[in-house]
Amino acid sequence: MNYRKKFRISGIQKDSPFCDTLKAMWKHHIKKIKKRYLRYKQTQGVEELHDLRISFRRLRYNLEPYCVCLKPNKFKFLYETLVELQNILGEKRDLDVMEEKLKATYAELGVDLPPALTEQWLKRKEELAGQIDEKLNNFFSRIKDYF
């Protein structure tokens, strides 16, 4: 595959005025986020969660230069919502990674993880999974026809 093709966003031409590229950039990243969210919902996998979080990070970082193209309140809402989503996804990701590492370490030692710890993790992961679903569904419904 052509290396540059990997980064190409449909609808953006070399001579496009900058602010005119916002809609294409937004649609490109939202499409990827929706695809990764569906994959995550199906599997609840650690890697699918990581991919979803990375997609939100890419959208957020790509949105930053467009602050001059959006009304301040609109930009603030989008940016703060993306930060919040990225933080929730990050917390769940941190728990998943920590759990995997501790399980591997305890397995090497031939010892089981303390049940109280695994119960606490499970409870928090379930809470975060619910928050992720709620916040993402709210996000998608609010931005449906945003641009």
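Please read these numbers as outputs of a predicted model, since none were measured by experiment.

**Q** What is the right way to look at the overall build of the protein chain in this model?
**A** Each helix and strand counted, the protein chain has 4 helices and 0 strands in total. Taken over C-alpha atoms, the radius of gyration comes to 19 Å for the protein chain, far larger than the 15 Å a tight globule of 147 residues would show. The principal-axis extents of the C-alpha atoms in the protein chain amount to approximately 60 × 40 × 25 Å. Here the protein chain, with 147 residues, has 33% of them falling under the buried criterion. Sequence-distant contacts in the protein chain: of pairs separated by 6 or more residues, those separated by 24 or more amount to 66%. For the protein chain, the exposed surface amounts to about 9900 Å²; the carbon and sulfur share of it is 51%. Side chains of the protein chain give 31 positive and 21 negative charges; the mean places of these two sets differ by 11 Å.

Cut-offs and rules
Sequence order as written defines the numbering, with residues in each chain counted from 1. Restriction of local features to residues with pLDDT of at least 70 applies here, the model being predicted, together with a cutoff of 80 or more for giving and counting side-chain atom pairs; totals for whole chains, interfaces and linings are based on all residues. Heavy atoms from the whole structure form the basis of all side-chain values; hydrogens and water molecules are not counted. Secondary structure elements are taken from DSSP: a helix is a run of H or I of four residues or more, a strand is a run of E of two residues or more, and numbering for both begins at the N terminus. As defined in this context, the radius of gyration uses C-alpha atoms, and a globule is described by 2.2 Å times the residue total to the power 0.38. Accessibility here uses a 1.4 Å probe with only protein chains present; expressed as a share of the type maximum, an area under 20% marks a residue as buried, one over 50% as exposed, and anything in between as partly exposed. A contact between two residues is defined here by any heavy atoms of the two lying within 4.5 Å. Note on areas: these come from Shrake-Rupley sampling with a 1.4 Å probe, and a residue is covered only by the protein chains present in the view. Neither His nor the chain ends contribute to the count of charged residues, in which Lys and Arg are positive and Asp and Glu negative. Charge coordinates come from a single atom per side chain, which is NZ of Lys, CZ of Arg, CG of Asp or CD of Glu.

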